[in-house]
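# Residue-level structure breakdown
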Amino acid sequence: MIDVLIGLQWGDEGKGKIVDFLADQYDIICRFQGGPNAGHTIYVDGKKVVLHTIPSGIFREGVQNVIGNGVVIDPVTLKKEIERIKQLGIHVEERLLIARKAHLILPSHRYLDGASEKAKGEKKIGSTLRGIGPTYMDKTGRNGLRIGDLESGDFASKYAELKSKHENLAKIYPQFDFEWNEDEWFESIEYLKKYPFTNCEYYLNQQLAQGKKILAEGAQGVMLDIDYGTYPFVTSSNTITAGVCTGLGIAPSRIGDVIGISKAYCTRVGGGPFPTELFDEYGKRLQTLGGEFGATTGRPRRCGWLDLVQLKYSIMINGVTKIALTKSDVMDHFEQITVAHQYQMNGKTSDELPYDLCQKNYKPIYQSFNGWQTQLLPGMDLPDQFLHYISYLEEQIQVPISFVSVGPERNQLIVR
Ligand code: GDP
Ligand code: IMO
Ligand code: MG
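Remember, it's a predicted structure, so these values are computed and weren't measured experimentally.

Parameters and conventions
Residues numbered from 1 in each chain as written. Chains lettered and ligands numbered in written order. Predicted model: local features only at pLDDT ≥ 70, side-chain atom pairs only at ≥ 80, totals over all residues. Heavy atoms only, no water. Near = heavy atom within 4 Å. Polar contact = N/O pair within 3.5 Å; in protein donor to acceptor, adjacent residues only side chain to side chain. Areas by Shrake-Rupley, 256 points an atom, 1.4 Å probe, with all protein chains shown as cover. Nonpolar A, V, L, I, M, F, W, Y, C, P; charged D, E, K, R; others polar. Domains from an automatic or database assignment. Contact = heavy atoms within 4.5 Å. Buried area = accessible area lost by both parts, 1.4 Å probe. Salt bridge = Lys/Arg side-chain N within 4 Å of Asp/Glu carboxyl O. Helix = DSSP H or I, 4+ residues; strand = E, 2+ residues; numbered from the N terminus. Core = buried A, V, L, I, M, F, W, Y, C linked by side-chain atoms within 4.5 Å. Buried < 20%, exposed > 50% of the residue type's maximum accessible area, 1.4 Å probe, protein only. Pairing = 2+ DSSP bridges. Expected span 1.5 Å × (residues − 1).

With that settled, consider the site of ligand 2. As a structural note, the neighbourhood of ligand 2 is formed by 21 residues, with D12, K15, H40, T128 and T235 the closest of them. In the environment of ligand 2, an oxygen atom lies 2.6 Å from a nitrogen or oxygen atom belonging to the side chain of T128. In this structure, an oxygen atom belonging to ligand 2 sits 3.0 Å away from a main-chain N or O atom of V269. Isolated, ligand 2 exposes 550 Å² of accessible area, and the fraction of that covered by the protein chains is 98%. Looking at the shell around ligand 2, its residues break down into eight nonpolar, 10 polar and three charged.

The following block contains the structure:
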């Protein structure tokens, strides 16, 4: 079976930390969608590492890591990531496979991403400017270049053809300031050729047939999903469980546990609706105590209370079987802990998310609990207020909270 781990909110739920913790229970960890828009933070012997394209199992001996066909790859970022991990003494070449069907992010995709965002002005998505949208557009538009094309004799001409298409497309946008570093891109391509490419659908299905355990690591979060997120303020891939099947070539019947990661509050980086966002002193406290700054872009993350209407929606779409509640330690400091449990819409209460969260015709209804105001530590007798809060959440979401994360390091985790 293949287990799945996904973010249930707007990304940055702490997926990297939980994958790194769980990785020794698996033989293979795979990324199945997204690209270097992701930033998954891991602490290795006290040193912080942010992974953008490489799966978070890379630090575990004996674990194979696969960049699946649903991922989009920027060779420059990937090379830098590999070098950083090598500096930590890891033999990356023995632990990493790259799917031939994964698409390549060209410098001109990054140009188009920036130019398109600039042209949108106030309506911009707040993209990470990593070229994600334009690369997936070329994939579905049937123009894209793939890792496997690097093995063909005419890669240079395929590249030139696509770049020229992009140059024509760029004419619809005002000029955009951008550093074209094509030399670095081609150097990085040559560097990546030293790594094994794989037909990931065959490889993974053969490994499953041999009884190997696989974990698929999601990037972004459900509310950034291209179909089920807060469209158009979303990313360009399917971040949900269903994306595992298309992103790795695995049948739905092979999916086992679905581990959903949720912060004990909510954050969002970039534009778009965020029903429980706080603009007051509590929002500031969440941001400061949680150190809420983007792992990829460094932008401050918007903060708000936990939203159970949103969380239940994510659990439903993904078939979540276990929850990891992260950043619970941030709540240690709060006298009162607040969650939204329903929405008020058209004079009625509702348990469902409206079609378009951008139309602000709804209001979250909140409930508050006494905080525990103690530092939560693994192995301790957990305070009553905390246990009461957890049972309330479990009753609402009808899924067990199997892990409570109480700090960024691997072992700062309560396993229930
Ligand atoms: P990801 O994209 O889902 O992997 O999450 P990010 O790495 O972008 O952001 C999560 C941030 O929270 C990182 O800085 C982590 O080191 C940190 N983190 C993860 N779990 C916890 C936790 O339980 N408590 C605290 N205080 N920080 C955490
Ligand atoms: P991880 O995997 C948080 C957001 C961007 C923007 C929108 C579209 O670390 O959780 P894109 O660059 O994909 O075109 O941006 O999605 N976004 C993320 N927010 N965490 C992420 O990844 C994100 N990846 C994209 O801020 O609002
Ligand atoms: Mg992140």
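Now for the domain arrangement of the protein. By the assigned domains, the protein splits into domain 1 (2–100 + 198–259), domain 2 (103–191) and domain 3 (262–415). Counting from both sides, the interface comprises 35 residues of domain 1 and, opposite them, 42 residues of domain 3. Together, L8, W10 and K17 form the three largest contributors to the area buried by domain 1 at its contact with domain 3, with a combined 23%. At the junction of domain 1 with domain 3, the criterion picks out three salt bridges. Salt-bridge contacts for D20 lead to R410; the nearest nitrogen and oxygen are separated by 2.8 Å. On the surface where domain 1 and domain 3 come into contact, there are 24 residue pairs in polar contact (both at pLDDT 80 or more). Elements represented by at least two residues in the side of domain 1 that touches domain 3 include exactly helix 1 (15–22), strand 3 (40–44) and strand 11 (255–263). Ranked by residue count, the leading element in the side of domain 1 that touches domain 3 is helix 1, at five residues. The class makeup of the residues in the side of domain 1 that touches domain 3 is 20 nonpolar, nine polar and six charged.

Our focus in this paragraph is the site of ligand 1. In the vicinity of ligand 1 there are 18 residues, among which K15, G39, T41, D329 and S405 approach most closely. At 2.8 Å, a backbone N or O of G39 approaches an oxygen atom of ligand 1. Interatomic distance of 3.2 Å between a side-chain N/O atom of R301 and an oxygen atom of ligand 1. Protein burial of ligand 1: of its 580 Å² of free accessible surface, 92% is covered by the chains. Mapped onto the shell around ligand 1, the elements with two or more residues apiece are helix 1 and strand 3.

It is characteristic of soluble globular proteins that their nonpolar side chains tend to be buried jointly. Within the largest apolar cluster, 57 residues are counted, with the highest numbers of intra-cluster contacts made by L204, L248, M331, Y389 and L393. Structurally, this core is a two-domain feature, drawing no fewer than three residues from each of domain 1 (2–100 + 198–259) and domain 3 (262–415). When near neighbours in sequence (up to four residues on either side) are disregarded, L204 contacts I28, C30, V66, I214, L248 and I250. Core analysis: the second largest hydrophobic core is formed by 33 residues, I82, L104, I189 and Y191 among them.

What follows is about the side chain of S237. In this structure, S237 sits in the loop between strand 10 (214–217) and helix 9 (242–248). Polar side-chain contacts of S237 include one of 3.0 Å to the side chain of Q33. If we ignore the near neighbours within four places in the chain, the residues touching S237 are Q33, G34, Y136, Q220, L224, D225 and I226.

So, about the pairing of strand 15 (residues 322–326). Burial within strand 15 is extensive, with four of its five residues counted as buried. With five bridges connecting them, strand 11 and strand 15 associate as parallel partners. Within strand 15, the residue paired with I259 across the bridge is K322. Bridging between strand 15 and strand 19 (residues 401–405) involves three bridges; their strand directions are parallel. By the bridge assignment for strand 19, I323 is matched with I401.

In a regular helix each residue adds 1.5 Å, so 13 residues correspond to 18 Å; helix 2 (residues 75–87) covers 18 Å between its end C-alpha atoms and thus fits that length. Buried within helix 2 we find P75, V76, T77, L78, E81, I82 and I85. For helix 2, the N-terminal cap is D74; the gap from its side-chain oxygen to the backbone nitrogen of V76 is 3.0 Å. Of the residues flanking the end of helix 2, it is G89, one or two places downstream, whose phi is positive at about 85°.

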